[in-house]
Protein chains: 2
Amino acid sequence: MSESIKYVLGEESIPKYWYNLVADLPLAPPPALHPGTLQPLGPDDLAPLFPMALIQQEVSTEREIEIPGPVREVYRQWRPTPLYRARRLEKALDTPARIYYKYEGVSPAGSHKPNTAVAQAFYNREAGIRRLVTETGAGQWGSSLAFAGALFGLEVEVYMVRVSYDQKPYRRALMETYGARCVASPSNETQSGRAILAQRPDHPGSLGIAISEAVEMAAQRADTNYSLGSVLNHVLLHQTVIGQEAMAQMEMADDYPDVIVGCTGGGSNFAGLAFPFLGAQLRGGKKARFVAIEPEACPSLTRGKYAYDFGDTAHLTPLTKMHTLGSTFTPPGFHAGGLRYHGMAPLISHIRELELIEARAYHQVACFEAGVQFARAEGIIPAPEANHAVKGAIDEALRCKREGVSQSILFNLCGHGHFDMQAYSQFHSGKLTDQSYEESELAMALAGLPSVPA
Amino acid sequence: MSESIKYVLGEESIPKYWYNLVADLPLAPPPALHPGTLQPLGPDDLAPLFPMALIQQEVSTEREIEIPGPVREVYRQWRPTPLYRARRLEKALDTPARIYYKYEGVSPAGSHKPNTAVAQAFYNREAGIRRLVTETGAGQWGSSLAFAGALFGLEVEVYMVRVSYDQKPYRRALMETYGARCVASPSNETQSGRAILAQRPDHPGSLGIAISEAVEMAAQRADTNYSLGSVLNHVLLHQTVIGQEAMAQMEMADDYPDVIVGCTGGGSNFAGLAFPFLGAQLRGGKKARFVAIEPEACPSLTRGKYAYDFGDTAHLTPLTKMHTLGSTFTPPGFHAGGLRYHGMAPLISHIRELELIEARAYHQVACFEAGVQFARAEGIIPAPEANHAVKGAIDEALRCKREGVSQSILFNLCGHGHFDMQAYSQFHSGKLTDQSYEESELAMALAGLPSVPA
């Protein structure tokens, strides 16, 4: 027990730039397309929704993008985040593997999401915007933007997927504590929402629908912008502070990961941890395996089609090439609400096609079992989303045990589960079940993919 | 914004000993008495409930008590905790005061309680104990002991005050995630519980009753001990890591607190922050004001009598001299469940009598208003208990503004409110109200104080 288990960096080690993986890729990712013309999107097409600074980041090919001073100033409240060696978990698993986790749950909103929320709020305020509208699944993103909005004096309005809104009332209370307004989606406040409710009044919602509602609202007012918590290049970019810190911390531990694991919904926390390591590898550095873990009930990377698709259900967004289950696909209401998205980040999808990363899907009960085992060993209660990464890391550690190899496994514990205890309650009382989508619904959603000439 | 707002110490700065205030007091505190003989308690009287190491700490007059290696090893997961300068709150209040807060919510269970839970679990395991029984109010203590039990391989059973059990179902889920068993108190499992339920089947419970149940269970089995989360000398002792770290951090900030604020239920978080500063003052160091904040609905320090009383309702515990509302007093079911105790730590009561500290009481709505203002400025959602300290600190800062003085205010943000969002929901929807006890009930409880010859 005398070796260090916690690797802590000083404030001076908060990254000074975000790392842009695109600069190091052997092949540029396909461009986003305008939904009307099907031509590559220009910066002006995005201007009604985003400030120009973020649009430039979205298409940048620069390797390093400087983090503005006021953003780093806010980061200092919780960054650098700790990296832990999970010695007690290793012991419980009786594995020769060395397990490390980067813990992003120390942020005020309890996840990695403030890394980009703060940046987005900053750039929007700089651009004179007064109000941000967004969607949220489990509420981690909505509460993060609410937090960032409170700091920068921006109004925040959040469309929250109804099934999560009902499952997680306390995430809503958190957003309201930060001063944001939270609306269950589909709602009667937008055309897209009303159209969905007309078809199915008890619709459980989906991230795709909530995005439609938020985009619709944002497009209506000049002082209002839209803000997205994952998927887009600039969001993944902002998350790379995670991996940059983790690289320095693995160096402190005098180790290097053989396997890097993260859960993927839109892909931002996985990207945040993995991209700096992957970039180093692409520039000739050490090699690692990168494993993305997704829910079996919403398996875009493992079961989706790599195709151009809309980011939202009402087809208000540009088309991006990504692994998608179809923009009309409504995943079952499992607890990892942050992973209930029909598509995968275009950049993650692209590197999956380049075979730079692996992907695997798990059902939720097995993930909660892993999460409880982790909590009893390490003391931290993971968010349901993070339980997917925990399960992935445990499975890798058990593989090491079977194979008798001592590898180093690093995973992103992207958030705590303090606002998700209803799911744990259900798990403890034996009421948590695995959920599956209808194969026919998936087939229909895939059949409805837009037709884009090659 | 260029000055540091977070003061972080390295692992090597985790205190190596606990600080015992008794060593520096001008007058020794009155002894605890045996409930039968009314004679000063001997170590053997406590042996059925506590391991000898803790009993020795309970009566020690040594200034420094070494922290065992395995306890420090666990502390390293989250200690040293950060100390923040609340610049954004200062700005919101437009105060010339400098406000600092020590943040104990970074522990796995989310409060200061693991500081003593880990120590107690360690000493009990060393003594061959296999099972710990305890009570909990809001659940912060119960979940902390559940966490510590999981680390040291001890079974944990928690009697949780019914009103909190009903208000905070997710704290129970947390305890169960750590592997503990949680029972609503008063319960049918003990004689004390059954006696209360016979009188009033819908009794909301109180910490005094839950203590009776836990003590009764612990006394029945040789492999089982009792564990208390506040009040006792050894518990306050373990919390002094907070103040020792804060002293080093205030030095980093090149400042010294004029006022030190903490909330008080049993008194342990206030003691943890205040005692090291108070000890330094008693040894001739700088002076500060020490302000204990308690709930108006359970005001032991401001409205209680300084007298010998039982720690529990069924009168199974020793008698200690303390500020008490009477052991049969049942406080209304306000949200700061951790402050719903009829008595105050004997050591805090003693220094209140010595006029070394001040005390003040607030109603809960004002405390939640302060908590929401704090959250919007600083990003952290305080526990309802901690909101009392936040309110106390804000009032001191506003006093500085009125008086035009630039003082330094340090308070203990003893835990986050992630498991208390129902209370915030109620607050946001305007349903949270202040609660008052019946004056007649207080009079009756005080009239029932045991008669102890001087």
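Residues numbered from 1 in each chain as written. Chains lettered and ligands numbered in written order. Predicted model: local features only at pLDDT ≥ 70, side-chain atom pairs only at ≥ 80, totals over all residues. Heavy atoms only, no water.

Points about the packing of helix H6 (residues 140-152) of chain B against helix H8 (residues 169-177) of chain B
All names here are of chain B.
Right, on to step 1. Two elements in contact, H6 and H8, have axes whose closest approach is 8 Å; the angle formed by their N-to-C orientations is 10°. When the axis of H6 is compared with that of H8, the two are roughly parallel. The segment H6 lies against H8, with Gln140, Gly142, Ser143 and Ala146 engaging Arg171, Leu174 and Met175.
Right, on to step 2. In terms of residue class, the contact of H6 with H8 is made up of three nonpolar, three polar and one charged. (Axes fitted to C-alpha atoms, helices over the stretch in contact; angles between N-to-C directions. Helix = DSSP H or I, 4+ residues; strand = E, 2+ residues; numbered from the N terminus. Parallel < 35°, antiparallel > 145°, perpendicular 65-115°, else oblique. Contact = heavy atoms within 4.5 Å. Nonpolar A, V, L, I, M, F, W, Y, C, P; charged D, E, K, R; others polar.)

Structural notes on the pattern of salt bridges
Right, on to step 1. According to the stated counting rule, one finds 50 salt bridges over all chains in the structure shown.
Right, on to step 2. With a shortest N-O distance of 2.5 Å, Arg76 of chain A and Glu73 of chain A are connected by a salt bridge.
Right, on to step 3. By relative accessible area, which is 12% here, Glu73 of chain A ends up buried.
Right, on to step 4. Notably, a salt bridge pairs Arg181 of chain B with Glu157 of chain B, separated by 3.3 Å at the nearest N-O pair. Taken together, the residues Arg181 of chain B in strand S8 (residues 181-185) and Glu157 of chain B in strand S7 (residues 155-161) connect sequence positions 24 residues apart. (Salt bridge = Lys/Arg side-chain N within 4 Å of Asp/Glu carboxyl O. Buried < 20%, exposed > 50% of the residue type's maximum accessible area, 1.4 Å probe, protein only.)

Comments concerning the sheet that holds strand S9 (residues 224-226) of chain A
All names here are of chain A.
Right, on to step 1. Pairing is parallel across the open sheet formed by four strands, whose spatial order is S8-S7-S6-S9. On the outer flanks of this sheet lie strand S8 (181-185) and S9, each paired with one strand and no other. Sheet twist, expressed as the average angle between the axes of neighbouring strands with direction ignored, equals 25°.
Right, on to step 2. As judged from the five bridges shared by strand S7 (residues 155-161) and S8, these two strands associate in the parallel manner. Within S8, the position partnered with Val161 by the bridge is Ser185.
Right, on to step 3. Along the sheet, helix H6 (residues 140-152) makes contact with strand S6 (131-136) and S7, crossing S6 at roughly 160°. (Pairing = 2+ DSSP bridges.)

What to know about helix H16 (residues 364-378) of chain A
All names here are of chain A.
Right, on to step 1. The terminal C-alpha atoms of H16, which comprises 15 residues, lie 20 Å apart, in line with the 21 Å expected from a rise of 1.5 Å per residue.
Right, on to step 2. In terms of burial, H16 is a largely internal element, 11 of the 15 residues being buried.
Right, on to step 3. Inspection of H16 places Gln364, Val365, Cys367, Phe368, Ala370, Gly371, Val372, Phe374, Ala375, Ala377 and Glu378 among the buried residues, and these make up the whole buried set. (Expected span 1.5 Å × (residues − 1).)

Digging into the state of the cysteines
Right, on to step 1. Scanning all chains against the criterion turns up zero disulfides over all chains.
Right, on to step 2. Looking at the unpaired Cys414 of chain A, the closest cysteine sulfur is the one in Cys263 of chain A, lying at 3.9 Å.
Right, on to step 3. The thiol of Cys182 of chain B is unpaired, and the distance to the nearest cysteine sulfur, on Cys414 of chain B, comes to 20 Å. (Disulfide = S-S within 2.5 Å.)

A short note on the domain arrangement of chain A
Residues and elements named next belong to chain A.
Right, on to step 1. Domain assignment breaks chain A into domain 1 (5-14 + 79-110 + 234-435) and domain 2 (114-228).
Right, on to step 2. A C-alpha centroid distance of 24 Å is found between domain 1 and domain 2.
Right, on to step 3. A buried area of about 2,500 Å², summed over both sides, lies between domain 1 and domain 2, and 55% of it is on carbon and sulfur atoms.
Right, on to step 4. Among the residues domain 1 hides against domain 2, the three largest losses belong to Ala109, Arg340 and Phe419. Together they make up 23% of the total.
Right, on to step 5. Applying the counting rule to domain 1 against domain 2 returns one salt bridge.
Right, on to step 6. Taking the shortest distance from any N to any O, the salt bridge between Lys168 and Asp420 comes out at 2.7 Å. (Domains from an automatic or database assignment. Buried area = accessible area lost by both parts, 1.4 Å probe.)

Side note on the pairing of strand S10 (residues 259-263) of chain A
Side chains on a regular strand alternate between the two faces of the sheet.
Residue and element names in this part refer to chain A.
Right, on to step 1. Of all five residues in S10, five are buried, a share of seventy percent or more.
Right, on to step 2. Side-chain alternation along S10 places Val259, Val261 and Cys263 on one buried face and Ile260 and Gly262 on a second face that is also buried.
Right, on to step 3. Handedness of the crossover is the feature at issue here: the chain leaves S10, passes through helix H13 (residues 268-282), returns alongside strand S11 (residues 289-295), and the resulting connection is right-handed.
Right, on to step 4. Here three bridges tie S10 to strand S15 (residues 408-413), and the two strands are oriented parallel to one another. Each bridged residue has a counterpart across the sheet, and for Val259 the counterpart in S15 is Ile409. (Right-handed = clockwise from strand over helix to strand, strands pointing away.)

A look at the relation of the copies chain B and chain A
Right, on to step 1. Expressed as a screw transformation, the operator carrying chain B onto chain A has a rotation angle of 180° and an axial translation of 0.0 Å, and the superposed copies differ by an RMSD of 0.0 Å. Interpreted geometrically, this transformation is the action of a two-fold axis. If distances are taken from each C-alpha of chain B to the rotation axis, the shortest is found for His418 of chain B, at 2.9 Å.
Right, on to step 2. Most of the interface of chain B is mirrored in chain A: 100% of its interface residues are interface residues there too. (Least-squares fit on C-alpha atoms with pLDDT ≥ 70 in both.)

Section: the interface of chain B and chain A
Right, on to step 1. The interface is formed by 44 residues belonging to chain B together with 44 residues belonging to chain A.
Right, on to step 2. Carbon and sulfur atoms make up 55% of the surface buried where chain B meets chain A, a total of about 3,800 Å² over both sides.
Right, on to step 3. The largest contributions to the chain B side of the interface with chain A come from Gln77, Tyr170 and Thr177 of chain B, which together make up 19% of the buried area.
Right, on to step 4. For the pair chain B and chain A, the interface holds zero salt bridges.
Right, on to step 5. Elements that contribute at least two residues to the side of chain B that touches chain A include exactly helix H3 (69-75), H6, H8, helix H16 (364-378) and helix H18 (421-428) of chain B.
Right, on to step 6. With six residues, H8 of chain B is the single largest residue contributor to the side of chain B that touches chain A.
Right, on to step 7. Grouping the constituent residues of the side of chain B that touches chain A by class yields 23 nonpolar, 11 polar and 10 charged.

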